[in-house]
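# Structure assessment
For reference, the chains in residue letters:
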Amino acid sequence: MTERNRVPSLLSRAGAVSALSLAAMSTTLVAPGAAPEAAAATHAAKALQIASSKKGSPYRYGATGPRSFDCSGLTLYSYKKAGKKLPRTAAQQHNRTKRISASHRRKGDLVFFHSGGSVYHVGIYAGGGKIWHSPKSGAVGRLEKSWTGSVRYGRVN
């Protein structure tokens with residue numbers, strides 16, 4: 001009996017088998033919806049790493065890199081290098097991402113700062129309530145704790 005024929009035979013004798021056991025005996029396990037989520041997580045992790053590599057880059061209004069950035073320029077640049085397209089401004093990026101609750105945010109998600117209905121700033125979530133961003137004139141790209149609770153989270157698909 002070949003190894004391939006032996007596995008179904010063993011499974012039928014064993015009765016109910018957990019998904020973990022099946023995964024251990026098989027080379028692939030298909031979980032519905034897992035591939036797009038895994039790809040999104042990979043792009044997000046890469047974008048976060050790229051943003052962090054720009055630590056110390058000077059803020060310049062309208063700049064999209066590679067040496068200086070404004071807030072949405074940094075997110076646009078980071079995600080572009082990670083293989084995803086984003087529109088230019090923070091408000092446009094907000095409109096293009098999937099809304100995520102604070103309890104479901106992950107590293108690499110975008111953090112949008114708003115006042116009323118207007119989005120005025122964006123950064124990349126780094127975990128622990130911190131973001132990578134390019135904050136304002138005279139400042140440099142940096143990791144910083146969020147200064148307000150008036151934020152929304154968006155996931156780049």
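Structure's up top.
This report concerns the structure included in the present document. (Residues numbered from 1 in each chain as written. Predicted model: local features only at pLDDT ≥ 70, side-chain atom pairs only at ≥ 80, totals over all residues. Heavy atoms only, no water.)

### Quick look at the sheet that holds strand 6 (residues 151-155)
With antiparallel pairing, six strands are arranged side by side in an open sheet as 1-6-2-3-4-5. Two strands in the sheet have a free side with no partner beyond their single neighbour: strand 1 (98-100) and strand 5 (142-145). Neighbour-to-neighbour, the strand axes of the sheet open up by a mean angle of 45 degrees, direction not taken into account. Note that strand 2 (residues 110-115) and strand 6 share four bridges and pair antiparallel. Looking at the pairing, V111 lines up with Y153 of strand 6. The strands that helix 4 (residues 71-81) touches are strand 2, strand 3 (118-127) and strand 4 (130-133); relative to strand 3, the one it contacts most, it runs at about 45 degrees. (Pairing = 2+ DSSP bridges. Helix = DSSP H or I, 4+ residues; strand = E, 2+ residues; numbered from the N terminus. Axes fitted to C-alpha atoms, helices over the stretch in contact; angles between N-to-C directions. Contact = heavy atoms within 4.5 Å.)

### Quick word on the nonpolar core
Grouped together as the largest cluster of nonpolar side chains are 21 residues, with contacts concentrated most on Y79, L110, V122 and I124. Counting only elements with at least two residues in this core, the list comes to helix 3 (34-53), helix 4, strand 2 and strand 3. Ranked by the residues each element gives to this core, the list is headed by helix 3, at five residues. For V122, the contacting residues outside a window of four places in its chain are C71, S72, T75, A90, Q93, L110, V111, F112 and H133. (Core = buried A, V, L, I, M, F, W, Y, C linked by side-chain atoms within 4.5 Å. Buried < 20%, exposed > 50% of the residue type's maximum accessible area, 1.4 Å probe, protein only.)

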